[in-house]
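Architecture and fold: a report
Given next are the chains, with one letter for each unit.
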Amino acid sequence: KMMSLILCAVYLSVTCLLHVQAQNGGDHEKFTEELFMKETPSGHVYSHFQFTTRWDSDIRRRDNSREHYNLFPRSVGDIVAAYGVQELSLSLTQGLWRYEKWGYPINSAPPGAQVIARFQSSVPDVDKAWEGLTSALAGLLCSSLNNLGRTESIQPEYSFANQGVTGPDSLGTNRTYLRYGILPRENLCTENLTPWKKLLPCKNKRGLAVLLSSGHIQKYSVYFSLGLDLKPVCYSTGEEGGGCTSPGVELVQSVSVVIDPVIINKQADNTDWNVKRMFGIGVTPACPLAHTSTIFIDTTDSTYVLDPPPNEYLYYGAGMPRKLAVYDVKIFTEHGITDITAKHPKSHIYGIVRAPPVLFNRHVVGTGQERGGIVATIKNSCTTGITVAYLELIPWYLRVYLHTLKIETDGVPVKPINTVYRPGRDRERPYHLELVLKLAARSTTTIRIDMEYSILRWTEYPPDANHGLYVGAAVLTTRLPVDGKANATVLAAEDSSLSHLFWGNVATDPVLKIYSETLLITVPTPDFSMPYNVICLACTIAALAFGPIHNMTTKKLVLVSPDQEEKSLLGKIIACVLSCLPTLAARKKKQEPEQTSDEDKGNEESSEESNTQTQSEDTNNS
Amino acid sequence: MGNVLLYVLGAAFRYSASGYEFLQLRPEISTPTNSWKRLIEGVHLNKMGLSPYDGVLFHETPIMLQLYTVMENILVHRSLLVFIVLDLLTCLLVSEAGYYGAALMLQQQKRIKGDVHPESGSLLHSSNLINVLPKHIAIFYLLNPFLILNCAARTTVVWNNFFLAAALLALTQNNRFLGTLAISIAAYETMYPIILIFPLTIHLATIEGQQGRSVTSSVVETMVYTLLWLSCLLGLSHQLSGGSWTFLQATYGFIVTVPELTPNMGIYWYFFTEMFEHFRSFFLGTFQLNLLMYCIPLSIRFWRSPLLLFGSFIGLISVFKSYPSLGDVGFFLSVLPFFPHLLPFFKQTISTAGLLVATTILAPVLWQLWIYNNSANANYYFAINLLYSSALIFIITDLLLAQVRRQFYLQHGYSVIDSMVNGNKMILQLK
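Residues numbered from 1 in each chain as written. Chains lettered and ligands numbered in written order. Predicted model: local features only at pLDDT ≥ 70, side-chain atom pairs only at ≥ 80, totals over all residues. Heavy atoms only, no water.

Notes on the overall build of chain B
Helix and strand counts for chain B stand at 19 helices and three strands. What you see for chain B is a C-alpha radius of gyration of 22 Å, in line with the 22 Å of a compact globule of 431 residues. On the principal axes, the C-alpha backbone points of chain B span a range of 75 × 55 × 55 Å. Expressed as a percentage of the 431 residues in chain B, the buried residues total 60%. Counting contacts in chain B only where the partners sit at least 6 residues apart, residues at least 24 apart contribute 75% of the total. For chain B, the exposed surface amounts to about 16900 Å²; the carbon and sulfur share of it is 68%. (Helix = DSSP H or I, 4+ residues; strand = E, 2+ residues; numbered from the N terminus. Rg over C-alpha atoms; globule rule 2.2 N^0.38 Å. Buried < 20%, exposed > 50% of the residue type's maximum accessible area, 1.4 Å probe, protein only. Contact = heavy atoms within 4.5 Å. Areas by Shrake-Rupley, 256 points an atom, 1.4 Å probe, with all protein chains shown as cover.)

See the structure below:
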């Protein structure tokens, strides 16, 4: 019996192993890890880690929820299945991406936390699903995403189009199932990075993820962004125009880090960098579960020399192609951990950095804590006109006046092609302003809108209320014209991996998202220590009216003799004090009879008289 | 001639003050319920096809909204002219009411002349009142800085004051039709003036009672008229807002529940900012009832002088409404000349007047210190609000107490106060 049990166990484990092997060997799940590095014209080093997991199974189908997960993180899969999520895009960011200095990133993200979710059309209550999803994501990534309730989210009409494959049924494009929310004050720290790394097949034990040591990144990075993007992809299409017959899913986990080598080197003109000093360790062997593991370094216009030299160079893009150094990590790290160094033969000269074709900035205007305005500036330096969608999500405690909206291109007022405006309601929903604008070639457009800062209930202020309240970044969505395309790296819709893009599959519909700065607004604050005093004082004022009116409507004006007089409490006290005074004075007189002259006596008497007079007057008044 | 000059002067003051556009944004003058900027925003949204009641900015009534949308050319583009003309018309109505009011008071006095103590003859109105009163009222109205600022800031209080003035005129003319209509419109606009129905009903019932009509039928008729007007106005609004009642929440709901805590000269904003969440509804109820509660006892006590009731109710509204503004107070102050006979019995004239002037000047100063210079905090501004409100309350209670005292002296004469009992002077007391 014992033998048969052991045999059974061995048999089971062997079949399991075989099954896993089959899964890995087969094309059901595919994991790719990639690192893209680029030295920006300002001398900063931009590193974009991207971990892509693709699976041909439609995990959103509830009957599949017991399916066997190999590479795809089960915790994400369960959340997606539970809330019927079609597409999800989440970012947690510390710092601001400097578009004018660094160009466009692969993955744009606003400061703070952002969630964009599109639900399947089978979801009955989108707002409820949204609240459930954000709470689940908050638990998954240890962040305060649960604060993104329905009071903080909007339904964008022109921004955030579908990222993945679209079609009928569960691949819909209906905007009513789209939600967008932003938490500008959310911080990104170790407690978010650690659970995020645990979603990877190799966790943080092997592969490029080993480079993501929180200590180094937190210490040196000027910009740090975590991303989690999920979208449906198509594995096989039906007949012509039949749509996708077997949708799969693609999860992209990305980290963008910008590090200033000058700070690491502690020398102003030394912009040399290497992987080890930036991330604490050289390139470690690839994750064994990864299909490919590649490092791309953009060496277009670079002045540095890479050591060791890359496996090969790759030219990508039409017109002015970009030159990429490619390191295949599986081959590169055959002999263990290896560092990649970039050495500049000459010290760096800081010149004027050529700004990317479309720039978007925003600031707050006005002084004081009463009212102000938001001014957004869009600079289009393309040689052709472009169409942009501008999305502004303003919290309800800033009251926006739509009639003050002014759009001017180089000083000339322009009318937006489309305007979406949903006014906010206190404690219910934020203000949603979306504009579709046509921008002329080589023009600067300013959008200005006035707002009022409301005073909140004293329990509604965030901690450190005098620091101010944040307004999340605005989003500008546009398609770059041909001459501007070279500036942006836009991933292909069908496969988000960098290799797919760099090996010749240029995105057919390069949509670019640009985020503006977060705004800090100082709203008026009450005195938080005063609730009791204020309640007492305000009630006193009400009583001030109530008392006399009550008296005069319930009593009659009559003449009374002083001994029958009804005294108020205050009157009684005053009378008591006054009645004590003459006896005290009399005692004093007795003790020092010689020193008091007749004149003094007279004075004292007269003062007593005046006292009693005031007494009677007081009582009269009362 | 002098009168015309006065009106020209009033218009000139209003016109020159309107150059200061910041007046439209002052929290003391423009509140969420009457601000010109919000009215414009509502009209703008309405023209775009969005419902202004969907947001939290607009709190005017649907009729006002439609009026401003349809007649935008006149009411918005020539708003200053409209507001000045409206304010001058209001003044005309109030001074006309002064004329009829004086006539009314003289008539009443004739009736009670027999009961007046011989010593108190000097307390009686002189027959010249009928000539003097309209002039005094015009001076008080046209040169009232509160009303000048209010008109220059283009608040919709100007409209409300116009209807209040019409109601006052109707009361002095014993006109039920106009009176109930004006009070209904004013109440429809800002809700609180509904309590003015008390003085009107009492007055009409008294007058008609003297003519031999039953008091009950008179009261019922006034009530029916008011209800009719109100339901007409609400029905019309319902139609204008496309068959929806959402405007009720945005207008009266907003006034009653005080959701917006933008500072103003009242006591509500800071009180409900600092309120403990579980007591909010209790204190809301208490504060709103506080105003309503005064109506019945005051009506019973002062039913003989409906003008005084009308004036004191306007005063109480201007202190205890949820979003009070200078325009409301200005109207109350301009009605005070109706009671010159009570002036000798005021006890705290100088101190309250001083308090009112001081707080009006100090409020913007402390606002500046709090909001712009960051060297003061909300308590400073609220302290001014409290003093300002107490000054107004003192004026109102003084006014009412003066009436009580005047009645006493008219009945008993002066010398009774000097009479001695057991060698002690007698004391006048409410008992």
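What to know about empty space enclosed by the protein
Counted under the stated rule, the structure contains eight cavities of 30 Å³ or more. Estimated volume of the largest cavity: approximately 230 Å³. For the lining of the largest cavity, the secondary structure elements donating two or more residues are β18 (398-409) and β22 (443-453) of chain A together with α2 (36-47) and α18 (349-372) of chain B. Looking at the lining of the largest cavity residue by residue, the class counts come to ten nonpolar, seven polar and seven charged. (1 Å grid on protein atoms, 1.4 Å probe; cavity = no way out; pocket = protein on both sides within 12 Å on 5 of 7 lines; lining within 4 Å. Points joined across faces, edges and corners; volume = space filled by probe spheres on them. Nonpolar A, V, L, I, M, F, W, Y, C, P; charged D, E, K, R; others polar.)

Comments concerning the nonpolar core
Nonpolar side chains in soluble globular proteins tend to end up buried together. Among the nonpolar cores identified, the biggest contains 230 residues, and Tyr 68, Phe 320 and Phe 338 of chain B are the most heavily contacted of them. Here the element with the most residues in this core is helix α19 (residues 378-412) of chain B; it accounts for 19 residues. Ignoring sequence-local partners within four residues, the contact set of Phe 338 of chain B consists of Val 94, Ala 97, Gly 98, Gly 101, Met 105, Leu 133, Ile 137, Leu 168 and Leu 307 of chain B. By size, the runner-up hydrophobic cluster in this structure holds 76 residues, among which are Tyr 69, Ala 209, Met 278 and Ala 325 of chain A. (Core = buried A, V, L, I, M, F, W, Y, C linked by side-chain atoms within 4.5 Å.)

A word on the sheet that holds strand β6 (residues 178-183) of chain A
Residue and element names in this part refer to chain A. A sheet is described by the order of its strands in space; here eleven strands give the open sequence β5-β6-β4-β3-β7-β8-β2-β1-β10-β13-β12, paired in mixed fashion. Each edge of the open sheet carries a strand with a single partner, namely β5 (153-154) and β12 (312-316). As defined by bridge partners, strand β1 (residues 29-39) adjoins strand β10 (residues 292-298) across seven bridges and the pair is classed as parallel. Residue Glu 33 lies in a different strand from β10, and its bridge partner there is Ser 293. Of the strands in this sheet, β3 (85-94), β4 (112-119), β5 and β6 touch helix α4 (residues 126-141), which is tilted by about 135° from β4. (Pairing = 2+ DSSP bridges. Axes fitted to C-alpha atoms, helices over the stretch in contact; angles between N-to-C directions.)

Looking at the sheet that holds β22 of chain A
With antiparallel pairing, the five strands of this open sheet are ordered in space as β15-β16-β22-β18-β19 (chain A). Every interior strand has two partners, whereas the edge strands, β15 (358-365) and β19 (412-413) of chain A, have only one. Direction of pairing for strand β16 (residues 371-380) of chain A relative to β22 of chain A: antiparallel, over a ladder of ten bridges. Bridging across to β22 of chain A, Arg 371 of chain A finds its partner in Glu 452 of chain A. The sheet contacts of α2 of chain B involve β18 and β22 of chain A, and relative to β18 of chain A the element is tilted by about 65°.

Let's talk about the packing of aromatic side chains
Under the counting rule described, the total for this entry stands at 58 aromatic pairs over all chains. Aromatic side chains Phe 51 of chain A and Trp 196 of chain A sit 6.1 Å apart centroid to centroid with 70° between the ring planes, which places their arrangement in the edge-to-face category. Of this pair, Phe 51 of chain A sits in strand β2 (residues 45-55) while Trp 196 of chain A sits in helix α5 (residues 190-197), and the two are 145 residues apart along the sequence. Given the relative accessible area of 1%, Phe 51 of chain A is considered buried. Here Phe 408 of chain B and Tyr 409 of chain B contribute two aromatic rings whose centre-to-centre distance is 5.6 Å and whose plane-to-plane angle is 85°, an arrangement assigned as edge-to-face. The same class applies to Phe 408 of chain B and to Tyr 409 of chain B, which are both buried. Three or more aromatic residues joined by ring pairs form one cluster here, namely Phe 36, Tyr 46, Trp 97, Trp 102, Tyr 223, Phe 296, Tyr 316 and Phe 502 of chain A. Directly above the aromatic system of Phe 302 of chain B lies the positively charged group of Arg 301 of chain B, at a separation of 5.7 Å from the ring centroid. (Phe/Tyr/Trp six-rings, centres within 6.5 Å; stacked < 30°, edge-to-face > 60°. Lys NZ or Arg CZ within 6 Å of the ring centre and 35° of its normal.)

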